[in-house]
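# A look at the structure
Read off the chains here:
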Amino acid sequence: MIEIQGFLKTKDLRARIKCNHTETPNLGNCFRCEEFITSFCKIGLNCNETGKFTINYFINPHLKELIGESLGNTLEKRFDELTTGEMKDFVKMTPLNRMHDRYFEELLRFTRTFPHYKGVITDKNSL
């Protein structure tokens, strides 16, 4: 994700939000470990009560409009490899029930209020 963001020109597309939920037990979701959210996708690492790890992800339906055809295809291919390969039982796509663009903007504002959510901007790749 970070590599893809490095190729994007727009600063908004290089922004991401990270949260380590293991450091914030008061958020109410004891099974979520970490989250990584951009304007074009969301990835979460979870661990259930038996210690089994899973990854859930969401891809913005406007992915290729946002980051371009080539990078969009690369990202989709990487997720496809995870969901059809050895990791298929541990990785699943989850729908997001609201407009992802608005959701991401709200979370960026949220990071100012809650310090355990960190907004980061990836440096532009010089290539």
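Further up the page is the structure itself.
Scoring rules and cut-offs
- Starting afresh in each chain, residues are numbered from 1 along the sequence in its written order.
- The model is predicted, so local features are restricted to residues of pLDDT at least 70 and side-chain atom pairs to those at 80 or more, both for listing and for counting; the totals for chains, interfaces and linings are taken over all residues.
- As a rule here, side-chain values cover all heavy atoms of the structure and leave hydrogens and water aside.
- Helix and strand definitions follow DSSP, with helices as H or I runs of at least four residues and strands as E runs of at least two, each counted in order from the N terminus.
- Each residue gets one of three labels from its accessible area relative to the maximum for its type: buried under 20%, exposed over 50%, partly exposed in between, using a 1.4 Å probe on protein chains only.
- Residue contacts are defined here by distance: any two heavy atoms, one from each residue, within 4.5 Å place the two residues in contact.
- For our purposes a nonpolar core is just a set of buried Ala, Val, Leu, Ile, Met, Phe, Trp, Tyr and Cys residues, chained together by side-chain atoms within 4.5 Å.
- Aromatic pairing here means that ring centres of Phe, Tyr or Trp (its six-membered ring) are within 6.5 Å. Orientation follows from the plane angle: under 30 degrees is stacked, over 60 is edge-to-face, and everything else is tilted.
- When DSSP finds at least two bridges between two strands, those strands are taken to pair.

## Some points on the overall build of the protein chain
On a plain count of helices and strands, the protein chain comes out with five helices and six strands. When the elements of the protein chain are put in sequence order from the N terminus, they spell out α-α-β-β-β-β-α-α-β-α-β. Residue burial in the protein chain is summarised as follows: out of 127 residues, 35% are buried. Considering only residue pairs separated by 6 or more positions, the protein chain has 55% of its internal contacts joining residues 24 or more positions apart.

## Notes on the nonpolar core
Counting residues in each nonpolar core, the largest one holds 13 residues, and the members touching the most others are Ile4, Leu8, Phe40, Leu63, Ile67 and Leu75. Among the elements of the structure, strand 4 (53-59), helix 3 (63-67) and helix 4 (69-84) are those that each provide at least two residues to this core. In terms of residues, this core owes the most to one element, helix 4, which gives three residues. Counting eight residues, the second largest nonpolar core, distinct from the first, contains Cys19, Phe104, Leu107 and Tyr117.

## Section: the packing of aromatic side chains
Enumeration over the complete set of coordinates arrives at one aromatic pair. Considering the side-chain rings of tyrosine 57 and phenylalanine 79, the 4.1 Å spacing of their centres and the 10° angle between planes classify their relative orientation as stacked. Remark: phenylalanine 79 occurs in helix 4 and tyrosine 57 occurs in strand 4; sequence separation between them is 22 residues. A relative accessible area of 7% means that tyrosine 57 is categorised as buried.

## Describing the pairing of strand 1 (residues 15-20)
Summarising the sheet, strand 1 and strand 6 (residues 117-121) pair through five bridges and their orientation is antiparallel. In the strand pairing of strand 6, arginine 16 is matched with valine 120. Bridging between strand 1 and strand 2 (residues 32-38) involves five bridges; their strand directions are antiparallel. Each bridged residue has a counterpart across the sheet, and for asparagine 20 the counterpart in strand 2 is glutamate 34.

Remember that the coordinates give geometry; whether it matters functionally is a separate question.
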